[in-house]
Amino acid sequence: MQFFLFKYINLLYNYFMEIEIVKFDNLGRGIGYLNNKIIFIPKSVPGDFLEIDLVKEKKNYLEGKIKKIIKPSKLRKEVLCPYFNTCGGCDLLHISLTEELEYKLHKINDILKKNNINYEVKEIIKNSNEYYYRNKITLKIINKKIGYYESNTHNLLEINKCIISKKYINEIIKDLNKFNIINGEAIIRCNHKDEMLIVINSLDKLTNIDYFINNYNIVGIIQNNKCLYGDNYLIHKINDNLFKISYDAFFQVNDFISSILFQLINKYTEYSFNVLDLYCGVGSLTLSINENVQNILGVEIVENAIKDANINKNLNQKEKVTFICDDTKNIIDKITSFYDTIILDPPRSGVDEQVLNKIISEKLRKIIYISCDPFTLVRDLKILNNYYEIKDFKLLDMFTWTHHVESLVILELK
Ligand SMILES: C[S@@+](CC[C@H](N)C(=O)[O-])C[C@H]1O[C@@H](n2cnc3c(N)ncnc32)[C@H](O)[C@@H]1O
């Protein structure tokens, strides 16, 4: 009894203790220590002194949330978003852009070092517009409330603006309730001409469709894969290329960073002859490959995306390109030494090990690996590490104010 009482008092005492945040973790959370046990606190900043509430207690770590900022870190800056404290979207809006970029460089170098990959990344390419840059948002709708999930929960946080999404998208957010959706999600995409494509996934009947058509520059409204109005795609322009993007096809969310990425792809394929582009989507990287290249093959699993890619090939008059729709795992026999360069831009899960082993066994000269997930990227780099040397590694601030970052790695056969 005495023991339990002591433990209880001890716990209570600890939970009201002051915590100092000493650094960020790789998910953008602050790290502190409570009784020598590591504790992760979202939305905190190194240098903060905090009173916290305990949220989770595990054998090796604790998770908490800020109850009160006793003394704010000097690194904190004014946050322009009213939802920041609860929203599960941005996690770094409370530090300066310089600190945000530093954090991302440090994080990647930390992950590389911990995985014994001997390379120091020195460059991060800045976003041109740190706010209002996203060309796509996905909003959740629960019991008629529209917004994002709160951090680490499926509780809905109602919003009527999102300062990292394009301004034109922000205009329509306030009006979305006019569709009268009770439960579901709304995906809004916006192109270079501020034309919008609206995708609704919901069993509820949409109302006031004409209101949206008459008041916004809408090219299409799709519900549950069915086109209710206009087209089921958007035409988007990046650099000098036009891209048809179907409602269910992937496209990069940041136009400025995409334009830089596409230019880099062009530069890094300048001396290539035959290029294989796996995970090619609607062909955005494929069609950016240097005009000196003789043969280009793009592979993508989503049928609509590959149909778009073929249309995009014609739109941009790129004769040397062929696209096939398949799972990369099924086209391993196409990964041969005929190709001297391979572009890999996989989903977050990274590249299939069979694919990596075939690249190694066929001794492809150059790999251009683009990734939005440093953990699976590094997992794959470890497989390639004995055979390939990292020649360049750039970060791109594709997802400003979040802990996410895009990597571009150039590897050459040793
Ligand atoms: C990160 S996106 C890159 C798309 C394109 N490179 C771009 O920049 O727009 C990854 C793409 O891989 C596709 N994909 C996912 N798993 C795949 C697989 N097993 N085989 C082929 N493509 C796949 C997705 O549909 C998506 O279009």
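Residues numbered from 1 in each chain as written. Predicted model: local features only at pLDDT ≥ 70, side-chain atom pairs only at ≥ 80, totals over all residues.

1. Digging into the sheet that holds strand 6 (residues 61–71)
Strand order in the open sheet made by the six strands is 1-5-6-4-3-2, with mixed pairing throughout. A strand with exactly one partner marks an edge of an open sheet, and here the two such strands are strand 1 (18–20) and strand 2 (23–24). (Pairing = 2+ DSSP bridges. Helix = DSSP H or I, 4+ residues; strand = E, 2+ residues; numbered from the N terminus.)

2. Details of the site of the ligand
Neighbouring the ligand are 18 residues; Phe-250, Tyr-279, Gly-281, Ile-301 and Asp-345 lie closest to it. Looking at the shell around the ligand residue by residue, the class counts come to 11 nonpolar, four polar and three charged. (Near = placed C-beta within 6 Å. Nonpolar A, V, L, I, M, F, W, Y, C, P; charged D, E, K, R; others polar.)

3. Remarks on helix 7 (residues 353–362)
In an α-helix, one turn spans 3.6 residues, which is why side chains three or four residues apart end up on the same side. When helix 7 is considered as a whole, its buried residues turn out to be Val-355, Leu-356 and Ile-359. Considered in projection along helix 7, the buried side chains sweep an arc of 100° and stay on one side of the axis. Opposite the buried face of helix 7, at more than 90 degrees from it, the exposed residues are Glu-353, Gln-354 and Ser-361. Looking at the buried positions of helix 7, the neighbouring elements they touch are strand 20 (341–344), strand 21 (366–371) and helix 8 (374–384). (Buried ≥ 20, exposed ≤ 12 C-beta atoms within 10 Å, placed from the backbone. Arc of directions from axis to C-beta. Contact = placed C-beta atoms within 7 Å.)

4. What about the domain arrangement of the protein?
In terms of domain boundaries, the protein breaks down into domain 1 (2–71), domain 2 (100–129 + 254–413) and domain 3 (136–235). Put simply, the middle of domain 1 and the middle of domain 3, counted by C-alpha atoms, are 38 Å apart. (Domains from an automatic or database assignment.)

5. Some details on the environment of Asn-224
Looking at the secondary structure, you find Asn-224 in the loop between strand 13 (218–223) and strand 14 (226–230). The exposure class of Asn-224 is exposed, given the 11 C-beta atoms found within 10 Å. Taking the C-alpha atoms as reference points, Asn-224 and Pro-42, 182 residues apart in sequence, are found 35 Å from one another.

6. Regarding the packing of helix 7 against helix 8
Helix packing geometry: the angle between the two helix axes and the distance between the axes. In contact at an axis separation of 10 Å, helix 7 and helix 8 are set at 35° when each is read in the N-to-C sense. Of the two possible hands of crossing, helix 7 and helix 8 adopt the one that is right-handed. Contact residues: Glu-353, Leu-356 and Ile-360 in helix 7; Asp-380, Ile-383 and Leu-384 in helix 8. Of the residues contributing to the contact of helix 7 with helix 8, the split by class is four nonpolar, no polar and two charged. (Axes fitted to C-alpha atoms, helices over the stretch in contact; angles between N-to-C directions. Left-handed = near helix turned anticlockwise from the far one by under 90°.)

7. Side note on the nonpolar core
Ranked by size, the top nonpolar core spans 103 residues in total, and within it Ile-188, Ile-198, Leu-278, Ile-342, Leu-344, Ile-367 and Tyr-369 carry the most contacts. Beyond its immediate stretch of four places on either side in the chain, Leu-278 contacts Val-299, Thr-328, Ile-342, Ile-343 and Leu-344. (Core = buried A, V, L, I, M, F, W, Y, C linked by C-beta atoms within 7 Å.)

8. As for the pairing of strand 18 (residues 295–300)
For strand 18, the buried fraction is high: five of the six residues fall into the buried class. Across five bridges, the pairing between strand 17 (residues 274–278) and strand 18 is parallel. Each bridged residue has a counterpart across the sheet, and for Leu-278 the counterpart in strand 18 is Val-299. Sheet topology note: the strand 18/strand 19 (residues 321–325) ladder contains five bridges and is parallel. Bridging from a neighbouring strand, Ile-296 pairs with Val-321 of strand 19. Following the backbone out of strand 18, through helix 6 (residues 303–315) and into the adjacent parallel strand 19, one traces a crossover that is right-handed. (Right-handed = clockwise from strand over helix to strand, strands pointing away.)

9. Here's the deal with unusual backbone geometry
Residues other than glycine predominantly adopt negative phi, and peptide bonds predominantly adopt the trans conformation. Positive phi outside glycine occurs at Asn-36, with the angle close to 65°. Exposure remark for Asn-36: the 5 C-beta atoms within 10 Å place this residue in the exposed category. The backbone of Lys-43 shows a phi angle near 65°, a positive value even though the residue is not glycine. Structurally, the position occupied by Lys-43 is in the loop between strand 4 (37–41) and strand 5 (49–57).

10. Remarks on helix 8
Residues Pro-374, Leu-377, Val-378, Asp-380, Leu-381 and Leu-384 constitute the buried set of helix 8. Relative to the axis of helix 8, the buried residues are bounded by an arc of 165° and lie together on one face. Residues of helix 8 that are buried make contact with helix 2 (97–114), helix 7, strand 21, strand 22 (388–396) and strand 23 (406–413).

11. Overview of the sheet that holds strand 11 (residues 184–190)
Read across the sheet, seven strands follow the order 10-9-8-11-12-13-14 without closing on themselves; strand pairing throughout is mixed. Every interior strand has two partners, whereas the edge strands, strand 10 (156–158) and strand 14, have only one. Across the sheet, the axes of successive neighbouring strands diverge by a mean angle of 30°, strand direction being ignored. Of the strand pairs in this sheet, strand 13 and strand 14 are connected by four bridges, and their pairing is antiparallel. Across the sheet, residue Gln-223 finds its bridge partner in strand 14, namely Lys-226.

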